[in-house]
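# Remarks on the overall topology
Below are the chains, spelled out letter by letter.
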Amino acid sequence: MSEIKVLKKMKIDEALNANVWDVDHRPHIIVDYEKCRKLCDKKVCTLLCPAGCYTLTGGEILFSYEGCVECGTCRIVCPHEAVTWNYPLSGRGVQYRFG
Ligand code: SF4
Ligand code: SF4
């Protein structure tokens, strides 16, 4: 069975869980929590990150890089430029198993 046929039968959570990571020594996303706290009311990152890396805990944003698929969405949608985003060092980061 080809990988495409396998993907059609997988749920999105299953496909994300199939990814593997080779993390480098520096964080590739840094969040300016002061901006989140003082400037941001909608907190769209919690709605649009496909991997659920941004969560609200007691009204405060909590970012966790685990599961990040390096799509760059958070950098684009953040209205306050609170996200500093860089690709992981060459050859590191997420490796997709199912597209
Ligand atoms: S959208 Fe940007 S400023 Fe707002 S909570 Fe998310 S990272 Fe922080
Ligand atoms: S790059 Fe994509 S997956 Fe990673 S934290 Fe940002 S929105 Fe989420």
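Structure: above.
Residues numbered from 1 in each chain as written. Chains lettered and ligands numbered in written order. Predicted model: local features only at pLDDT ≥ 70, side-chain atom pairs only at ≥ 80, totals over all residues. Heavy atoms only, no water.

### Some details on the site of ligand 2
We count it as follows: A cutoff of 4 Å decides nearness: a residue is near a molecule or strand if any of its heavy atoms lies inside that distance of it. By the convention adopted, Pro, Cys, Tyr, Trp, Phe, Met, Ile, Leu, Val and Ala count as nonpolar, Lys, Arg, Asp and Glu as charged, and the other residues, Gly among them, as polar.
With respect to spatial proximity, 14 residues lie near ligand 2, and among them Cys49, Cys68, Cys71, Cys74 and Trp85 are the closest. In terms of residue class, the shell around ligand 2 is built from 11 nonpolar, 2 polar and 1 charged.

### Examining the state of the cysteines
Definition in use: Sulfur atoms of two cysteines make up a disulfide when they are within 2.5 Å. Burial status follows relative accessibility: with a 1.4 Å probe on protein chains alone, a residue under 20% of its type maximum counts as buried, one over 50% as exposed, and anything between as partly exposed.
This structure, assessed with the given rule, holds 0 disulfides. Of all cysteine sulfurs, the one in cysteine 49 lies closest to cysteine 53, which takes part in no disulfide; the gap is 4.0 Å. For cysteine 53, a relative accessible area of 3% translates into the label buried.

### Focus on the pattern of salt bridges
Selection criterion: Between Lys or Arg on one side and Asp or Glu on the other, a salt bridge is scored when a side-chain nitrogen of the former is within 4 Å of a carboxyl oxygen of the latter. Only DSSP runs of H or I with at least four residues qualify as helices, and only runs of E with at least two residues qualify as strands; both kinds are numbered from the N terminus onward.
All chains considered together, the criterion is met by 3 salt bridges. For arginine 37, the salt bridge goes to glutamate 34, with nearest N and O atoms at 2.4 Å. Of this pair, arginine 37 and glutamate 34 both sit in helix α3 (residues 33-39), 3 residues apart, which is roughly one turn of the helix. Classification of arginine 37 as partly exposed rests on a relative accessible area of 44%. Judged by relative accessible area, which is 38%, glutamate 34 ranks as partly exposed. The closest approach of N and O atoms between arginine 37 and glutamate 60, which form a salt bridge, is 2.9 Å. Taken as a pair, arginine 37 in helix α3 and glutamate 60 in strand β4 (residues 60-63) lie far apart in primary sequence, 23 residues in all.

### A look at the packing of aromatic side chains
Convention followed: Aromatic contacts are taken between Phe, Tyr and Trp rings whose centres are within 6.5 Å, Trp giving its six-membered ring; a plane angle under 30 degrees counts as stacked, one over 60 as edge-to-face, and the others as tilted.
Counted under the stated rule, the structure contains 2 aromatic pairs. Measuring from ring centre to ring centre gives 4.8 Å for tyrosine 54 and phenylalanine 63, while their planes differ by 45 degrees; the resulting arrangement is tilted. Relative accessible area serves as the criterion here: at 3%, tyrosine 54 is assigned to the buried category.

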